[in-house]
Amino acid sequence: MPEIDTLLSVENLSTHFFTQQGVVRAVQDVSFSVKKSRTFAVVGESGCGKSITALSIMRLVPEPQGKIVAGKINFGGRNLLDLSKKRMRAIRGNRIAMIFQEPMTSLNPVFTVGYQIEEAIRLHQHKSKSDARDLAIQALQQVRISDPKQRIKEYPHQMSGGMRQRVMIAMAISCKPELLIADEPTTALDVTIQAQILDLLDQLQKQSQMSVLLITHNLGIVAERAQDVAVMYASRIAELSDCKSLFDNPLHPYTQGLLKSLPRLGFTGKRLYTIPGIVPEPLRFPAGCKFHPRCPVGCNDKRCQTVEPQLRSLDNGRAVACWFAPGYERPDNPK
Amino acid sequence: MNTDANTNGFLLKVDDLKTYFPVRKGLLRRTVGYLKAVDGISLAVKPATSFGLVGESGCGKTTAARSILRLIPVTSGKIIFDNIDILAANSARMRDIRASITLVFQDPFGSLNPRMTVANIVGEPLKIHKKITGSELTEQVRLILSKVGLSADAINRYPHEFSGGQRQRIGIARALILKPKLVICDEPVSALDVSIQSQILNLLKDLQQEFSLTYLFIAHDLAVVQFSCDIVAVMYMGRIVEQAPVSELYNNPLHPYTVALMAAIPKITVSPQASTHRLKGEIPSILSPPPGCPFNPRCRFAGENCFSQNPLLVPVAGNDEHLIACWHIKK
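Thresholds, definitions, all that
- Residues numbered from 1 in each chain as written.
- Chains lettered and ligands numbered in written order.
- Predicted model: local features only at pLDDT ≥ 70, side-chain atom pairs only at ≥ 80, totals over all residues.
- Helix = DSSP H or I, 4+ residues; strand = E, 2+ residues; numbered from the N terminus.
- Rg over C-alpha atoms; globule rule 2.2 N^0.38 Å.
- Buried ≥ 20, exposed ≤ 12 C-beta atoms within 10 Å, placed from the backbone.
- Contact = placed C-beta atoms within 7 Å.
- Pairing = 2+ DSSP bridges.
- Axes fitted to C-alpha atoms, helices over the stretch in contact; angles between N-to-C directions.
- Parallel < 35°, antiparallel > 145°, perpendicular 65-115°, else oblique.
- Left-handed = near helix turned anticlockwise from the far one by under 90°.
- Core = buried A, V, L, I, M, F, W, Y, C linked by C-beta atoms within 7 Å.
- Domains from an automatic or database assignment.
- Nonpolar A, V, L, I, M, F, W, Y, C, P; charged D, E, K, R; others polar.
- pLDDT = per-residue confidence, 0-100.
- Right-handed = clockwise from strand over helix to strand, strands pointing away.
- Expected span 1.5 Å × (residues − 1).

Asks: Can you explain the overall build of chain A? Please cite residues and give values.
Replies: What chain A contains, in helices and strands, is eleven helices and twelve strands. Over its C-alpha trace chain A gives a radius of gyration of 21 Å, about what one expects of a compact globule, namely 20 Å for 335 residues. With the C-alpha coordinates of chain A rotated into their principal frame, the extents come out at 65 × 50 × 45 Å. In chain A, buried positions account for 47% of the 335 residues. Counting only contacts in chain A whose residues sit at least 6 apart along the sequence, the fraction spanning at least 24 positions is 62%.

Asks: Describe the sheet that holds strand β1 (residues 6-19) of chain A, naming the residues involved and giving the relevant values.
Replies: Residue and element names in this part refer to chain A. What the four strands build is an open sheet, ordered β2-β1-β4-β5; its pairing is antiparallel. Each edge of the sheet is formed by a strand with only one pairing partner; in this case those strands are β2 (22-35) and β5 (78-79). Inspection of the sheet shows strand β4 (residues 66-75) paired to β5 by two bridges, in the antiparallel sense. Looking at the pairing, F75 lines up with R78 of β5.

Asks: Break down the packing of helix α6 (residues 161-173) of chain A against helix α7 (residues 191-208) of chain A for me, with residues and values.
Replies: All names here are of chain A. Following both chains from N to C, one finds α6 and α7 inclined at 15 degrees, their axes separated by 10 Å at the closest point. In terms of orientation, α6 lies roughly parallel with respect to α7. Of the two possible hands of crossing, α6 and α7 adopt the one that is right-handed. Residues G162, Q165, I169 and I173 of α6 form the contact with α7, whose participating residues are I193, Q196, I197, L200 and L204.

Asks: Describe the nonpolar core, listing the residues and the values that go with them.
Replies: Core analysis: the biggest nonpolar cluster contains 192 residues, and L213(A), L216(B) and V234(B) have the highest contact counts within it. Take this core: its biggest share by element is eight residues, from α6(A). Three or more residues apiece are contributed to this core by two domains, here domain 1 (6-233) and domain 2 (252-320) of chain A. With residues up to four places along the chain from it excluded, the contact list for V234(B) reads V54(B), G55(B), I240(B), V241(B), E242(B), H255(B), Y257(B), T258(B) and L261(B).

Asks: How would you summarise unusual backbone geometry if you had to cite specific residues and measurements?
Replies: Residues and elements named next belong to chain A. Look at the link from E63 to P64: it is a cis peptide, with omega at 5 degrees. For P64, the position within the fold is in the loop between α1 (50-57) and β4. Notably, H126 is not glycine yet its phi reads approximately 50 degrees, a positive angle. Here H126 shows up in the loop between α3 (113-125) and α4 (129-142). C-beta crowding within 10 Å serves as the criterion here: with 9 such atoms nearby, H126 is assigned to the exposed category.

Asks: Quick one: what's the story with the packing of helix α3 (residues 118-130) of chain B against helix α4 (residues 134-147) of chain B, residue by residue and with numbers?
Replies: Residues and elements named next belong to chain B. α4 packs onto α3 with a crossing angle of 115 degrees between their chain directions and a minimal axis gap of 10 Å. Here α3 runs over α4; the crossing is right-handed. Note on element contacts: α4 touches α3 through L137, T138, Q140, V141, I144 and L145, opposite A119, V122, G123, L126 and K127.

Asks: Now, about the interface of chain B and chain A: what can you tell me, with residues and values included?
Replies: Contacts between the two partners involve 35 residues from chain B and, on the opposite side, 39 residues from chain A. For the side of chain B that touches chain A, the elements supplying multiple residues, two or more each, are α5 (164-176), α6 (194-211), α7 (222-228) and α9 (256-264) of chain B. Take the side of chain B that touches chain A: its biggest share by element is seven residues, from α6(B). Classifying every residue of the side of chain B that touches chain A gives 17 nonpolar, 13 polar and five charged.

Asks: I'd like a rundown of the confidence of the model for chain B, residues and numbers included.
Replies: Residue and element names in this part refer to chain B. Counting all residues, the mean pLDDT for chain B is 89, and 95% of those residues have values of 70 or more. Note on residues 1-6: pLDDT under 50 across the span, and seven contacts to partners over four residues away in sequence or across chains. Interface confidence for the predicted complex, given as ipTM, is 0.82, next to a pTM of 0.87.

Asks: Describe the domain arrangement of chain A, listing the residues and the values that go with them.
Replies: Residues and elements named next belong to chain A. Under the domain assignment, chain A is made up of domain 1 (6-233) and domain 2 (252-320). Contacts between the two partners involve eleven residues from domain 1 and, on the opposite side, twelve residues from domain 2. Those elements giving two or more residues to the side of domain 1 that touches domain 2 turn out to be β2 and β9 (228-233). Element by element, the count of residues in the side of domain 1 that touches domain 2 is highest for β2, at five residues. Here the residues of the side of domain 1 that touches domain 2 are counted per class, giving five nonpolar, four polar and two charged.

Asks: Any chance you could break down the sheet that holds strand β3 (residues 50-54) of chain B for me, citing the residues and the numbers?
Replies: All names here are of chain B. Pairing within the open sheet is mixed, and its eight strands lie in the order β6-β7-β8-β3-β9-β10-β12-β11. What marks the edges here is a single partner per strand, and that holds for β6 (101-104) and β11 (314-316). Neighbouring strand axes in the sheet, compared pairwise and without regard to direction, differ in orientation by 25 degrees on average. As paired elements, β6 and strand β7 (residues 182-186) share four bridges and run parallel to each other. Across the sheet, residue I101 finds its bridge partner in β7, namely L182. Its contacts with the sheet place helix α1 (residues 61-68) against β3, β7, β8 (214-219) and β9 (231-236), and it is angled at close to 150 degrees to β8.

Asks: Provide a residue-level description of the environment of G257(A), including the pertinent values.
Replies: Relative to the helices and strands, G257(A) resides in helix α10 (residues 253-261). Each C-alpha atom, one on G257(A) and one on I275(A), is 6.0 Å from the other, the two residues being 18 residues apart in sequence. Those residues in contact with G257(A), other than ones at most four positions away along the chain, are Y273(A), I275(A) and S195(B).

Asks: Quick one: what's the story with the pairing of β8(B), residue by residue and with numbers?
Replies: Residue and element names in this part refer to chain B. Of all six residues in β8, six are buried; the element is thus mostly enclosed. The side-chain alternation of β8 yields two buried faces, one formed by T214, L216 and I218 and the other by Y215, F217 and A219. Bridging between β3 and β8 involves five bridges; their strand directions are parallel. By the bridge assignment, V54 is partnered in β8 with A219. Of the pairings in the sheet, the one linking β7 to β8 comprises five bridges and is parallel in character. Note that in β8 the partner of C185 across the bridge is F217. For the crossover that starts at β7, traverses α6 and ends in the parallel β8, the hand is right-handed.

Asks: An account of α6(B) is needed here, citing residue identities and associated values.
Replies: Over its 18 residues, α6(B) extends 26 Å from the first C-alpha to the last, a length consistent with the 26 Å expected when each residue adds 1.5 Å. Among the residues of α6(B), those classed as buried are V194(B), S195(B), I196(B), Q197(B), S198(B), Q199(B), I200(B), L201(B), L204(B) and L207(B). The inward-facing, buried residues of α6(B) abut α10 of chain A together with α4, α5, β7 and α7 of chain B. S212(B) sits one or two residues past α6(B) and shows a positive phi near 50 degrees.

See the structure below:
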């Protein structure tokens, strides 16, 4: 049963891609829940399935190759996967909005930014053209674009990257969504602009009480901005935790290695810690725990090599998928 | 040719380098102005050290590197590499110079020809510059591949068979096979996954020790630069605004831009955010820079002088190695 303050709960989501080379299991058995007016981060390296998880929630997985093969996505008392396409369209962009990594390519170059923001408002809120324009100007004001009445007539190419990302955010919040999915919202931006955009998202979230699902590869952003976090590795959640505990006491060897290997400001050592090996390709995932070939703890363990650990909840409200994690129950007779 | 750098012990010395791109408009393509991508930078790199150039996109760090190799025409200035005046060298001389300055690129996907095998990619510089072929070439390729941590069976494979980190190793092998004196690393890890970045950064450091390499390290990530470099120069709109040895710069950043840049990096600790140093606004268009210090529209301290005159890069009081271009710091 989802708790009362849960806005979105994903249960055992699996999304696969059926390609000529074989079945790519991009997302496997992913479960987490996003609480109201909190920021939940999904962090992981490229190809770990974090973006596909986001697209699955939006029901935007590219078909026909991609398919959500199992799971439930509960939002507002309903399973989004049961909705008709039409009813899903009424939710998408309205109650759940999304911003993407590339502010260059996710805006249409042949329409003014004003038109693009108004389009969402008119579609979902059934407003008149002039009302939509007023709301669009309001949205641009909210994202702190100066002189919005003028800016609304401009085309995307007339704006800088940071400005375009602000327009994307204005578009996303124009319908006052309950959940905002931000997929690497600042990866394409410079650090000083990144900080501005993240500050803006924080402020908007405080004003409107929306929840944010933040997809990122940057652990620094997670530490600064999120309250809860899922670390993904090779299509599965390796560790699920509140943010503070994760950084104070990472449980999964992958998280531990990742945190140790990052060059940080103030680090003066001679060598960085490294996780050996490479991120496995989705078509050639290793047997057993997918991290075991790179794992300092379990690389020689029989169980790690053969049986994949499931994500299990621990007493302290965290969850981890590792045979060796403290508090992780090791059944004597695995299947 | 004297191989020891004796321009006062520096391998590379750049003096007041300017690289302007003409802006042409109209039917006759008349030059109406200049885009000052690099606007008078000076730097000096000692052998077997790493010099870092940091800054945000468009600040001119890559243009500076390309100017040093004369891959783009330089407007004015002086570049002395290994006692040779690069800007005065003829094309035959330039070819030799390019054998001792090599490049590692940012994008490990775009910088390797997908139709060439690893042996051809890595061996090509040897063929061109040293006229080495046949079994000797293969031998040398094998050797350098083992140095960058690739197995011998990589030699006959194609780039698409490798992951991003392994491709970057191929790119590093190609840059090192000529035994260059200076390696320009242009954002060598920013396209890589987090768990791979530290592998490559360690590798670059190991290779530097083994071959006494000199690096000109270009990056936007201050943490990466701190790990990899000895001296760091922070660039903003075509100029160096602050330069110092790495520990000095990170412990005692003085320029308001450097301070803001460091504050903007997300820290890997869960703590209340200090957004006091947040920069307002964006980088102004480099085609019409503001008068005075180019940082003035975003600077908290901007005062009278800042709007009229561009500050020069000068040492701060009591520390000759710490240079800064700001009206507000006591010199």
